[in-house]
Amino acid sequence: MATRYWVGGTGSWDSTLTTNWSATSGGAGGASAPTSADAVIFNASSGTGTVTVGTGAVCLSLNTTGANAFTFSGTGGLGCFGNFTITTNISWSGSIILSIKGNSTITTNGRIISGYISIATAGIVVNLGDALTVSGASAPYGTLSLVGGTLNLNNFTLTCKIFDTNTNTARVINFGTGNIIINGTGTIYSGTSATGLSYTGTPTVNISNNSATATTIAAGITGGTATNTFNFNFTTGTYTLTVTTGSAVKSLNFTGFTGTWSPATTTCTFYGNATLVSGMTFTAGTGVWTWANASGTSVITSAGKTLGPITQNGVGGTVRLAAGTTTLATTATYTLTAGILDLGTNT
């Protein structure tokens, strides 16, 4: 293991260029480019300017504590095998693919990571040291991709345009009291496979696309169960929503949403609540919504909307209707095969 210090201000970082690398703080350039075993430091002796990240850039860790103003840009990729720490005078722009490849803590001190973050190594543990925001001009940039390892939110908020966890590899999200905010458009939650996925804490995903651009979530179509599905809150926006048929969720909550959801033939499995609101546009579909919770009480709030067919089959679970009247379409059936249907004083 060695330490490489950036010197000389503006320059390029790839797998071979040596101009801006020194073995000592403020020393002469010409040291070898950092490897995956080398700590990289930007400090007050590094100068200032733009670092263009190119092909093959790697480091054991990156730390910019005490550095002057720098902008990291480019279209290359940086593989970081340990801690990633940038400070308030750092701008991370362009379309850099930041691959976290080892046990690490990501600390950004409020700086937005413009590009793509990939956590894709089985068995590693990645911690948030503070709130993390990933953005980008267009997809796939702005993506946080978790396709292997454990992501500890540490009670912080992860904000991204797209969240991708579509794989069968073992992966864990420890939410604690933290949450994920997704504010992109298009397919913003890509989790078709929930096989291998688990979580601790409260699995809250807030969809805050404040636009009219169509949005899709694909969740747990394969392997979705009560123990690996998430709560999705649609908090704003006038867009048309698509929930990919066969998705499995804990809950869907539309409080604040004024867009359109027309499920058509979409089937969906719930392990928690469905909360529609009067301000949204909803057209009942023919796809069956299945309540499969085997414990606890799930609540269906229709907000005066006519619903499509419902099947309740969770052995040991309860489904309760919210106050008032819940109406199914004239051709729709409520099929109770297991569990308790709690009408209360409602119709």
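Preceding this section is the structure that the text describes.
A short note on the overall build of the protein
Across its full length, the protein carries 0 helices and 39 strands. Reported as C-alpha extents along the three principal axes, the dimensions of the protein are approximately 80 × 35 × 25 Å. Across the 347 residues in the protein, those meeting the buried criterion constitute 51%. Counting only contacts in the protein whose residues sit at least 6 apart along the sequence, the fraction spanning at least 24 positions is 41%. With an accessible surface of roughly 12,900 Å², the protein has 53% of that area assigned to carbon and sulfur atoms. Positive and negative side-chain charges of the protein, numbering 8 and 5 respectively, have mean locations separated by a distance of 8 Å.

Some details on the packing of aromatic side chains
For the structure shown, the criterion picks out 24 aromatic pairs. For the pair Phe175 and Phe230, a centre-to-centre distance of 5.5 Å together with 80° between the ring planes defines the contact as edge-to-face. Residue Phe175 is found in the loop between β18 (171–174) and β19 (179–182), and its partner Phe230 is found in the loop between β23 (215–222) and β24 (231–234); the two are separated by 55 residues along the sequence. Both residues of the pair, Phe175 and Phe230, belong to the buried class. Plain terms: the ring middles of Tyr239 and Phe257 are 5.0 Å apart, the flat faces sit at 55° to each other, and that makes the pair tilted. Of this pair, Tyr239 sits in the loop between β24 and β25 (240–243) while Phe257 is found in the loop between β27 (251–253) and β28 (260–261), placing the two residues 18 residues apart along the sequence. Each member of the pair, Tyr239 as well as Phe257, is classed as buried. Linked through ring pairs, Phe234, Tyr239, Phe254, Phe257, Trp261, Phe270, Phe282, Trp289 and Trp291 together constitute an aromatic cluster.

Description of the nonpolar core
For soluble globular proteins, nonpolar side chains are generally found buried alongside one another. Trp13 and Phe232 are the most contacted members of the largest nonpolar core, which has 77 residues in total. Counting residues per element, this core draws most heavily on strand β13 (residues 113–128), which supplies 6 residues.

A short note on the state of the cysteines
Throughout the structure, instances matching the rule amount to 0 disulfides. Of all cysteine sulfurs in the structure, the one in Cys80 sits closest to Cys160, which takes part in no disulfide; the separation is 19 Å.

Quick notes on the environment of Thr215
Along the chain, the position of Thr215 falls in strand β23. The exposure class assigned to Thr215 is buried, which follows from its relative accessible area of 0%. When near neighbours in sequence (up to four residues on either side) are disregarded, Thr215 contacts Gly184, Thr185, Gly186, Ile188, Asn209, Tyr239, Thr240, Leu241 and Thr242.

Examining the environment of Thr50
Within the element layout of this structure, Thr50 appears in strand β5 (residues 49–53). Separated by 40 residues in sequence, Thr50 and Ile90 have C-alpha atoms that sit 9.9 Å apart. Residues contacting Thr50, with those up to four places away along its chain left out, are Thr10, Gly11, Phe70, Thr71 and Ser73.

What about the sheet that holds strand β26 (residues 247–249)?
Neighbouring strands of a sheet are bound in pairs by backbone hydrogen bonds; such pairs are parallel or else antiparallel. Across the sheet, 5 strands lie side by side as β26-β29-β32-β35-β38; this open sheet has parallel pairing. Of all strands in the sheet, those bounded by a partner on one side alone are β26 and β38 (334–336). Taking the axes of each pair of neighbouring strands and ignoring which way they run, one obtains an average angle of 15° across the sheet. With 3 bridges connecting them, strand β35 (residues 310–312) and β38 associate as parallel partners. Looking at β38, one finds that Gln312 is bridged to Leu336.

As for the pairing of β19
Strand direction decides the pairing type here: strand β16 (residues 157–160) and β19, joined by 4 bridges, are parallel. Bridge pairing in β19 links Cys160 to Ile182. Of the strand pairs in this sheet, β19 and strand β22 (residues 204–207) are connected by 3 bridges, and their pairing is parallel. The partner of Ile180 across the bridge, within β22, is Val205.

Notes on the side chain of Thr229
Summarising the element assignment, Thr229 is placed in the loop between β23 and β24. A relative accessible area of 2% means that Thr229 is categorised as buried. Among the polar contacts made by the side chain of Thr229, one reaches the main-chain carbonyl oxygen of Thr225 at a distance of 2.9 Å. With residues near it in sequence (within four places) discarded, Thr229 still touches Tyr199, Pro203, Gly224, Ala248, Val249, Lys250 and Tyr271.

A few points about the pairing of strand β33 (residues 297–301)
Regular strands place their side chains on alternate faces of the sheet. Alignment of strand β30 (residues 274–275) against β33, held across 2 bridges, turns out to be parallel. Within β33, the residue paired with Ala274 across the bridge is Ile300. In this sheet, strand β36 (residues 318–321) lies alongside β33 in parallel orientation, the contact comprising 4 bridges. Considered in β36, the bridge of Val299 is made with Arg320.

Considerations on unusual backbone geometry
Cis geometry marks the peptide bond from Ala139 to Pro140, where omega comes out at 10°. Within the element layout of this structure, Pro140 appears in the loop between β14 (132–135) and β15 (143–152). With a phi angle near 55°, Ala264 is a residue other than glycine that sits in the positive phi range. On the secondary structure map, Ala264 appears in the loop between β28 and β29 (268–270).

Reading the values: rules and limits
Residues numbered from 1 in each chain as written. Predicted model: local features only at pLDDT ≥ 70, side-chain atom pairs only at ≥ 80, totals over all residues. Heavy atoms only, no water. Helix = DSSP H or I, 4+ residues; strand = E, 2+ residues; numbered from the N terminus. Buried < 20%, exposed > 50% of the residue type's maximum accessible area, 1.4 Å probe, protein only. Contact = heavy atoms within 4.5 Å. Areas by Shrake-Rupley, 256 points an atom, 1.4 Å probe, with all protein chains shown as cover. Lys, Arg positive; Asp, Glu negative; His and termini not counted. Charge placed at Lys NZ, Arg CZ, Asp CG, Glu CD. Phe/Tyr/Trp six-rings, centres within 6.5 Å; stacked < 30°, edge-to-face > 60°. Core = buried A, V, L, I, M, F, W, Y, C linked by side-chain atoms within 4.5 Å. Disulfide = S-S within 2.5 Å. Pairing = 2+ DSSP bridges. Axes fitted to C-alpha atoms, helices over the stretch in contact; angles between N-to-C directions. Polar contact = N/O pair within 3.5 Å; in protein donor to acceptor, adjacent residues only side chain to side chain.

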